[in-house]
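As a plain string of letters, each chain reads:
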Protein chains: 2
Amino acid sequence: MELDERKVTILKAIIRSYMETGEPVGSRTLSKLPDLQVSSATIRNEMSDLEEMGYIVQPHTSAGRIPTDKGYRFYVDEIMKEKSDAIRAKETELTEYKDLMTRRVDKLEYVLRHVAKLLAVNTNYAAMISGPNSRRNRIKFVQLSRMEEHKLLVATVFEGNIINNRIITVSAGLVEKDISDINMLLNTSLTGLTMDEINIRTIMKLRSDAGEYSEVVDQVLTEISEAFSNNEEEELEVYTSGATNIFKYPELTEGVAAGMLIEQFEKKDELRRMLGEINEKYRSDVQTDGIQVYIGEELPLQDMKDCSLVTANYDFGPGISGTIGIVGPKRMNYDKVLGTLKSVMKQLEETFKEA
Amino acid sequence: MELDERKVTILKAIIRSYMETGEPVGSRTLSKLPDLQVSSATIRNEMSDLEEMGYIVQPHTSAGRIPTDKGYRFYVDEIMKEKSDAIRAKETELTEYKDLMTRRVDKLEYVLRHVAKLLAVNTNYAAMISGPNSRRNRIKFVQLSRMEEHKLLVATVFEGNIINNRIITVSAGLVEKDISDINMLLNTSLTGLTMDEINIRTIMKLRSDAGEYSEVVDQVLTEISEAFSNNEEEELEVYTSGATNIFKYPELTEGVAAGMLIEQFEKKDELRRMLGEINEKYRSDVQTDGIQVYIGEELPLQDMKDCSLVTANYDFGPGISGTIGIVGPKRMNYDKVLGTLKSVMKQLEETFKEA
DNA sequence: GTTAGCACTCACTCAAATAGAGTGCTAATC
DNA sequence: GATTAGCACTCTATTTGAGTGAGTGCTAAC
């Protein structure tokens, strides 16, 4: 069977109606729409076909139809084709938040946290953002300073002005000159490298370069290299916002699943892994604009099988890349989410280009 | 009417039974308890008295009784008297988590986040912790370093090794000597002060001390003072964990209130304000061990009126103080929560004394 | 003061009755 | 051949009413 124009119109109408109301859509409701000038009986026939083709189903015999994953997929693919319209529609709505974002570009964490909130409030779905993976980010400079007799502060600044502090303890006594020398040494050796690139060889070279200091310096370097390597779990943060928005969608809240779903948002490590994988996969995918849509069964996380997930990758330079995700019911307003997401990405990009 | 010994026994029995089951308690159930060797009729008479006195109520005519806020209040006050027993009971259970806490004392944020999680997991209620108010914390030292031509990194380390970074932009050109001089100047003037104590006068003095540099330095100081003053909202963080635990208590999840309650945990600013006020009020209250219990209507937040809140203030030195809160149903296991909280406080204190 | 006994209340459960929305099919119509 | 009107049918959701059981309050006896 073929998906002719009228079938498409009907399918889209079903999806749009279901998006609004959350109720199964009947033939009579559709027949009343202005762009469908046929009787309900005709529509029933078409719906029967659409069901056979797998785009819609009946929750029970005497109910209207609701879209299947396949139905949503068709709809989403359809929007994606005419995406540019959707963007402009939403852009204005967000500008009022611009100052919020531009205010403190220097603290990426702060920006991301607020973007998550902004997305959640604007879309009425749940938002999450994975922070950039510092390990892939280039070191801009390192500053070593003395805090106490045996405690040193190592402040590392990465591209994008992401700052990372560590406190290290050394047993050896260090005079001011030692510290400033090591400082110099660290900067000449490490600047421009990513954490991943700092391996044993770099450290060894550093030590040999240290020359006369090597006995004292050795310990500092050991501490630093350790501080630089034991940090996988913390580096990649995930910020979430609006998890409670799911209470606005009855189909997600009835049953036991509600708790499971809300709990899923507290499991930051799973979210992180998921977003990380998506980022890995589509980071350099220019064709999709870095935007992906996952519907129902397509979701990587089992507990979210009743939801849809829209993701977008941001990339503001080496190492400063991550993924934004919006989670909502399958009947989420894809137009709006896609538009909002694009708009936010664009603004973020501008903000970071300036900085 | 007077609360004689038998009435107390019955009241406590009602509360304990209701804590376990969440079901209204009837006279027959109570008559079967070993420590009540009287008939159900007698108990009915006593319960009638207790109801008249306001300690218990019937949800409806033909149901058992449940405790009122006043009933819980009596019970909690009773436990608080014999608190020391409760502590020791729980202490062992928590030791396994000790390494988790001691691992990274240098990052207070990290510790607090994990303590919140630990409390949530251990109690099965929702936990929250307010971070310390940096504005009241003493500056240990300040480190100024150049990031880019016109960008400087100001790293401020406070007592308790809490680190705060700011990036400031200056239009004037600075040579290395300027930076190290300003650095010296900042440290001699600001070390030992709290943010609150850094007022216009301090800044003015700093400027006059700057002497010959004043033209160039002026801008840096202005930037720094600004960076030091515009940060109220961020400084006081709140970490939450286990909000979804409330799904384990049906009386909290039925009705519309469930969503409201869960949402309340996303409103960090309100939580922050509440914990801040509690901290303010009981910070130096040695008598209560810094522990407070709020039941139902006593809660400062309207949306939590069906819950109880147990709070404890931590204080590990000047400025490093905050408040921990546990939120659960009114029928929460106060014994356990109080014990767990005390145990955690003790461990935290030890951890910080060492560092 | 305590207890046994009994009438009474009220929530909860279950089943049957009812209403309503929607479909599929058939036969008539364009 | 496509469209439509009409009708029987299906299934959910809502209502109703009877029955059940837990629990109380009261009274009279111990």
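All values reported here derive from a predicted model rather than from experimental measurement. Position labels on residues start from 1 in each chain and follow its written sequence. The naming scheme follows written order: chains are lettered A onward, ligands numbered 1 onward. Only residues with pLDDT of at least 70 get local features here, since the model is predicted, and only at 80 or more are side-chain atom pairs given and counted; chain-wide, interface and lining totals rely on the full set of residues.

## So, the overall build of chain A
Note on conventions: DSSP H or I runs of at least 4 residues are helices, E runs of at least 2 residues are strands, and numbering of each starts at the N terminus. The helix and strand tally for chain A stands at 15 helices and ten strands. A total of 355 residues make up chain A; the buried ones form 39% of that total. C-beta atoms are placed from the backbone for every residue, and two residues are taken to be in contact when these atoms lie within 7 Å. Pairs at least 24 residues apart make up 62% of the contacts formed inside chain A by residues separated by at least 6 positions. To sort residues by exposure, count the other C-beta atoms lying within 10 Å of each residue's C-beta; 20 or more gives buried, 12 or fewer gives exposed, and values between give partly exposed, all with C-beta atoms placed from the backbone.

## So, the pairing of strand β7 (residues 238–241) of chain B
The side chains of a regular strand alternate, first on one face of the sheet and then on the other. All names here are of chain B. With burial as the criterion, each face of β7 is covered, one bearing V238 and T240 and the other bearing Y239 and S241. Of the pairings in the sheet, the one linking strand β3 (residues 126–130) to β7 comprises four bridges and is antiparallel in character. Residue pairing for β7: S130 is matched across the bridge by V238. We treat two strands as partners when DSSP finds at least two bridges between them.

## Regarding the relation of the copies chain B and chain A
Of the transformation placing chain B onto chain A, the axial shift is 0.1 Å and the rotation is 179°, giving an RMSD of 0.3 Å. Expressed as an axis order, the relation between the two copies is that of a two-fold axis. Within chain B, the C-alpha atom positioned nearest to the axis of rotation is that of A155 of chain B, 4.1 Å from it. Least squares is used to superpose the copies, and the fit set is the C-alpha atoms of residues whose pLDDT is at least 70 in both copies.

## With respect to the protein's contact with DNA strand C
Close to DNA strand C lie 20 residues; G26 and S27 of chain A together with H60, T61 and S62 of chain B are nearest. Elements with a minimum of two residues in the surface near DNA strand C: α2 (27–31) and α3 (40–52) of chain A together with α3 (40–52) of chain B. The element contributing the most residues to the surface near DNA strand C is α3 of chain A, with four residues. The class makeup of the residues in the surface near DNA strand C is five nonpolar, twelve polar and three charged. The criterion for a residue being near a molecule or strand is simple: its C-beta atom, placed using the backbone, must lie within 6 Å of it. Here the nonpolar group is Ala, Val, Leu, Ile, Met, Phe, Trp, Tyr, Cys and Pro; Asp, Glu, Lys and Arg are the charged ones; every other residue, Gly included, is treated as polar.

## Some remarks on the protein's contact with DNA strand D
Around DNA strand D lies a shell of 20 residues, among which V38, T61 and S62 of chain A together with G26 and S27 of chain B are the nearest. Within the residue set of the surface near DNA strand D, elements represented by two or more residues are α3 of chain A together with α2 (27–31) and α3 of chain B. If you tally residues by element for the surface near DNA strand D, the top one is α3 of chain B, at four residues. Residues of the surface near DNA strand D, tallied by class, amount to five nonpolar, twelve polar and three charged.

## Overview of the sheet that holds strand β9 (residues 307–315) of chain A
Residues and elements named next belong to chain A. Sheet architecture is open: five strands sit in the order β7-β3-β10-β9-β8, paired in antiparallel fashion. If you trace the sheet from one side to the other, it starts and ends with β7 (238–241) and β8 (291–295), each paired once. Averaged over neighbouring strand pairs, the angle between their axes works out to 15° when direction is ignored. Note that β8 and β9 share five bridges and pair antiparallel. Opposite I291, over in β9, you have A312 as the bridge partner. Axis geometry follows a simple rule: fit a line to the C-alpha atoms, using only the stretch in contact for helices, then measure angles between N-to-C directions, giving values from 0 to 180 degrees.

## Regarding unusual backbone geometry
All names here are of chain A. Even without a glycine there, the phi angle at N124 is positive, about 70°. Tracing the sequence through the fold places N124 in the loop between α7 (108–123) and β3 (126–130). Residue classification places N124 among the partly exposed positions, given that 17 C-beta atoms sit within 10 Å.

## Some words on the sheet that holds strand β6 (residues 162–169) of chain B
Strand pairing in a sheet takes place through backbone hydrogen bonds and is either antiparallel or parallel in direction. Residues and elements named next belong to chain B. In space, the three strands of this open sheet follow the order β4-β5-β6, with antiparallel pairing throughout. A strand with exactly one partner marks an edge of an open sheet, and here the two such strands are β4 (139–148) and β6. If you compare each strand with its neighbour and ignore which way they point, the axes differ by 20° on average. As judged from the eight bridges shared by strand β5 (residues 151–158) and β6, these two strands associate in the antiparallel manner. Residue pairing across strands places L153 opposite I167, the latter belonging to β6.

## Overview of the confidence of the model for chain A
Summing up the model confidence of chain A, the mean pLDDT is 84 and the portion of residues at 70 or higher is 85%. Note on scores: pLDDT gives the predictor's confidence for each residue, bounded by 0 and 100. Per-element averaging of pLDDT across chain A places helix α6 (residues 98–102) of chain A at the bottom with 54 and strand β2 (residues 66–67) of chain A at the top with 97.

## With respect to the environment of H114 of chain A
Structurally, H114 of chain A is set in helix α7. Separated by 125 residues in the primary sequence, H114 of chain A and Y239 of chain A place their C-alpha atoms 9.1 Å from one another.

## A few points about the interface of chain B and chain A
Taken together, the contact pairs 19 residues of chain B with 19 residues of chain A. Breaking the side of chain B that touches chain A down by element, the ones donating at least two residues are β4, β5, β6 and α13 (257–264) of chain B. Here the side of chain B that touches chain A gets five residues from one element, more than from any other, and that element is β4 of chain B. Partitioning the side of chain B that touches chain A into residue classes produces nine nonpolar, six polar and four charged.

## Here we look at the environment of K117 of chain B
Structurally, the position occupied by K117 of chain B is in helix α7 (residues 108–123). With eleven residues separating them along the chain, K117 of chain B and M128 of chain B place their C-alpha atoms 8.7 Å apart.

## Description of α13 of chain B
For α13 of chain B, every residue scored as buried is listed here: A258, L261, I262 and Q264 of chain B. The arc that holds every buried residue of α13 of chain B, seen down its axis, measures 155°, which confines them to one face. Buried residues in α13 of chain B make contact with α13 (257–264) of chain A together with α12 (250–253) of chain B. Summarising the geometry, the arc corresponds to the directions from the helix axis toward the C-beta atoms.

## Concerning helix α14 (residues 268–282) of chain A
All names here are of chain A. Helices are assigned an expected span. That span is 1.5 Å times one less than the residue count. With 15 residues, α14 extends 21 Å from end C-alpha to end C-alpha; this agrees with the ideal 21 Å at 1.5 Å per step. Listed in full, the buried residues belonging to α14 are L271, M274, L275, I278 and N279. Down the axis of α14, the buried set is contained in an arc of 135°. They therefore lie on one face. Opposite the buried face of α14, at more than 90 degrees from it, the exposed residues are D269, E277 and E280. Looking at the packing, one finds that the buried side of α14 touches β3, β7, β8, β9 and β10 (321–329).

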